Amino acid sequence: MAGLISHQFYTGAVMYFVLSTALLYLLFTAGENRPNEVKKREERVLVLGGSSGIGKAIAIHYAKRGAKICIVARREEGMEEVKQRCLRLLAKRAPRSVKGKEKEETEIEQEGKDVLVMTGDIASVEDMVRVRKAVNDAWGGLDTLVLSAGISSLQPLMYNAGWEKGNTDDPTEQGLAHLQEIVRKVSEVNYVASALVAATFFPMLERTSKQGAVMLISSAAALIPAPTRTLYGSSKAASLALYQALAIEHPSLRFSLICPGTVNTSFRSSAPDGDDKREVEESKLEPDVVAERAVQAVDSGERMVVMPFKFSLGHWLYILGGRKWIEREAAKKYNWTR
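Residues numbered from 1 in each chain as written. Predicted model: local features only at pLDDT ≥ 70, side-chain atom pairs only at ≥ 80, totals over all residues. Heavy atoms only, no water.

K.L.:
Quick rundown of the overall build of the chain? Include the residues and the values.
P.N.:
Counting secondary structure elements, the chain contains 11 helices and seven strands. Counting across all 338 residues of the chain, residues that qualify as buried make up 46%. Residue pairs in contact within the chain that sit at least 24 positions apart in sequence constitute 78% of those at least 6 positions apart. As displayed, the chain offers around 17700 Å² of accessible surface, 55% of which is attributable to carbon and sulfur atoms. (Helix = DSSP H or I, 4+ residues; strand = E, 2+ residues; numbered from the N terminus. Buried < 20%, exposed > 50% of the residue type's maximum accessible area, 1.4 Å probe, protein only. Contact = heavy atoms within 4.5 Å. Areas by Shrake-Rupley, 256 points an atom, 1.4 Å probe, with all protein chains shown as cover.)

K.L.:
Residues and numbers for helix α2 (residues 53-65), please.
P.N.:
Taking 1.5 Å of rise per residue, 13 residues should cover 18 Å, and α2 covers 19 Å from first to last C-alpha, within 8% of that figure. Within α2 the residues assigned to the buried category are I54, G55, A57, I58, A59, I60, Y62, A63 and R65. G66 sits one or two residues past α2 and shows a positive phi near 95°. (Expected span 1.5 Å × (residues − 1).)

K.L.:
Tell me about the nonpolar core, and name the residues and values.
P.N.:
L46, L48, F202 and Y243 are the most contacted members of the largest nonpolar core, which totals 49 residues. With 12 residues, the single largest contributor to this core is helix α7 (residues 173-208). If we ignore the near neighbours within four places in the chain, the residues touching L48 are V72, I122, M128, L145, V146, L147, S148, A149, V197 and F201. Judged by nonpolar contacts, the second largest core, of 35 residues, contains V45, I60, C86 and V298. (Core = buried A, V, L, I, M, F, W, Y, C linked by side-chain atoms within 4.5 Å.)

K.L.:
So, the packing of α2 against helix α9 (residues 287-300): which residues are in play, and what are the values?
P.N.:
Where α2 contacts α9, the two axes come as close as 8 Å, and the packing angle between them is 60°. When the axis of α2 is compared with that of α9, the two are oblique. For the pair α2 and α9, the sense of crossing is right-handed. Here G53, I54, A57, I58, H61, Y62 and R65 of α2 lie close against α9, whose contacting residues are P287, D288, V290, A291, E292, V295, V298 and D299. Of the residues belonging to the contact of α2 with α9, the class tally is nine nonpolar, two polar and four charged. (Axes fitted to C-alpha atoms, helices over the stretch in contact; angles between N-to-C directions. Parallel < 35°, antiparallel > 145°, perpendicular 65-115°, else oblique. Left-handed = near helix turned anticlockwise from the far one by under 90°. Nonpolar A, V, L, I, M, F, W, Y, C, P; charged D, E, K, R; others polar.)

K.L.:
I'd like a rundown of the pattern of salt bridges, residues and numbers included.
P.N.:
Pairing is possible between side chains of opposite charge, provided their charged atoms come close. Throughout the structure, instances matching the rule amount to 12 salt bridges. Ionic pairing is found between R34 and E43, a salt bridge with its closest N-O pair at 2.9 Å. In this structure, R34 and E43 share a single accessibility class: buried. Between D299 and R65 there is a salt bridge, and its shortest N-O distance comes to 2.7 Å. (Salt bridge = Lys/Arg side-chain N within 4 Å of Asp/Glu carboxyl O.)

K.L.:
Provide a residue-level description of the packing of aromatic side chains, including the pertinent values.
P.N.:
According to the stated counting rule, one finds four aromatic pairs in the structure shown. For the ring pair F202 and F255, a centre distance of 5.7 Å and an interplane angle of 80° mean the geometry is edge-to-face. In this pair, F202 is assigned in helix α7 and F255 in strand β6 (residues 254-260), connecting sequence segments 53 residues apart. Neither F202 nor F255 differs from the other in exposure class; each is buried. Connected via pairs of aromatic rings, a cluster forms that spans F202, Y243 and F255. Across from the ring centre of Y334, 5.1 Å away, lies the NZ or CZ of K333, which sits over that ring. (Phe/Tyr/Trp six-rings, centres within 6.5 Å; stacked < 30°, edge-to-face > 60°. Lys NZ or Arg CZ within 6 Å of the ring centre and 35° of its normal.)

K.L.:
Break down the sheet that holds strand β3 (residues 115-119) for me, citing the residues and quoting the values.
P.N.:
If you walk across this open sheet you meet the seven strands as β3-β2-β1-β4-β5-β6-β7, and the pairing is parallel. Both outer strands of the open sheet, β3 and β7 (304-307), are each paired with one neighbouring strand and no more. Looking at each pair of strands side by side, their axes are set apart by 15° on average, direction ignored. Relative to β7, β6 is paired through four bridges, and the arrangement is parallel. (Pairing = 2+ DSSP bridges.)

K.L.:
Requested: an account of the pairing of β6, with residues and values cited.
P.N.:
Most of β6 is tucked away, with seven of its seven residues classed as buried. Side-chain alternation along β6 places R254, S256, I258 and P260 on one buried face and F255, L257 and C259 on a second face that is also buried. By the bridge criterion, five bridges tie strand β5 (residues 213-217) to β6 in an arrangement that is parallel. Along β6, the bridge assignment pairs M215 with S256. Handedness of the β-α-β unit built from β5, helix α8 (residues 230-249) and β6 comes out right-handed. (Right-handed = clockwise from strand over helix to strand, strands pointing away.)

K.L.:
Residues and numbers for helix α5 (residues 125-139), please.
P.N.:
With 15 residues, α5 ought to run about 21 Å at 1.5 Å a step, and its terminal C-alpha atoms sit 21 Å apart, in line with that. Among all positions in α5, only D127, M128, V131, V135 and W139 are buried. Summarising the axial view, the buried residues of α5 lie within an arc of 95°, below the 170-degree limit, and thus occupy one face. Residues of α5 that are exposed and point over 90 degrees away from its buried face: V125, E126, K133 and D137. Where α5 terminates, the next one or two residues include G140, which has phi positive at roughly 80°. (Arc of directions from axis to C-beta.)

K.L.:
Now, about the packing of helix α10 (residues 309-319) against helix α11 (residues 323-333): what can you tell me, with residues and values included?
P.N.:
The geometry of α10 relative to α11 is characterised by a closest axis approach of 7 Å and an angle of 135° between their N-to-C directions. Classified by the interaxial angle, the pair formed by α10 and α11 is oblique. Residues G314, L317 and Y318 of α10 touch α11, and the partners they reach there are R323, W325, I326 and E327. Residue composition of the contact of α10 with α11, grouped by class: four nonpolar, one polar and two charged.

This is the structure:
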């Protein structure tokens, strides 16, 4: 009985701490309204990874507000559809104070600058410099940087090394080389490119915006470890820690770090190590929901957003002593036995 009581007391104390911390956080961040500094129709937004998924939803959300949008993605697929949708939304804005033919020509010319679409790889120095120049030439600066690009990884580390349970031999040289290549690809996009993006665009944000903002789309996998997400989770954790440190180095910028759980997108197809869909099916977040919450976080100055709530709770429980339970639940979710 004493053990049961102590366990119940401990669980209650953890819950009380989590809820109290959340309440204090909301109180301390209330009232930080960025649109007072950067007007919605004047905001200049760069979305890296904006042709599909969460990035696409974020671009559309900003277009609804009347912001200028630059959408960058590695492939042209889907770019034109996003562009046309953003243009239709921007066309609904209040008309400018220009009359007659001059008005029509001015609006057409302006729309061409209000929605920019470019192909580019966030891991390419040449591409990022080209994007920066295009944004500067069109708008003279930048207010909001959204980093939504990334790739997944869906296999256990030892699987990528060509080794499976029951093998009597160690991983081969060929298997280890394959693992090294997968790690390189995932790290290059999810971590190395994050540093490149920061170095490319932070000076412009600080120099040209009244209140520059950075939105990083990370993942709950960066906070809660899970089997089969070894490489993906660790690479996202690295970029998350990178931007947390950058927030200290660049106090004039506002950072919003968004960590959603599983989202209903085609993101899995980006994995360089294949997909055997070993995890248990569960409800997924919709990209529009994540986008709306992410933009709200930038507006209000929230540093960290973990969604849905069960993942936020899981993160705190893992830190505060519930590690074994969280690890057991993660193993169940991904059908992991060893």
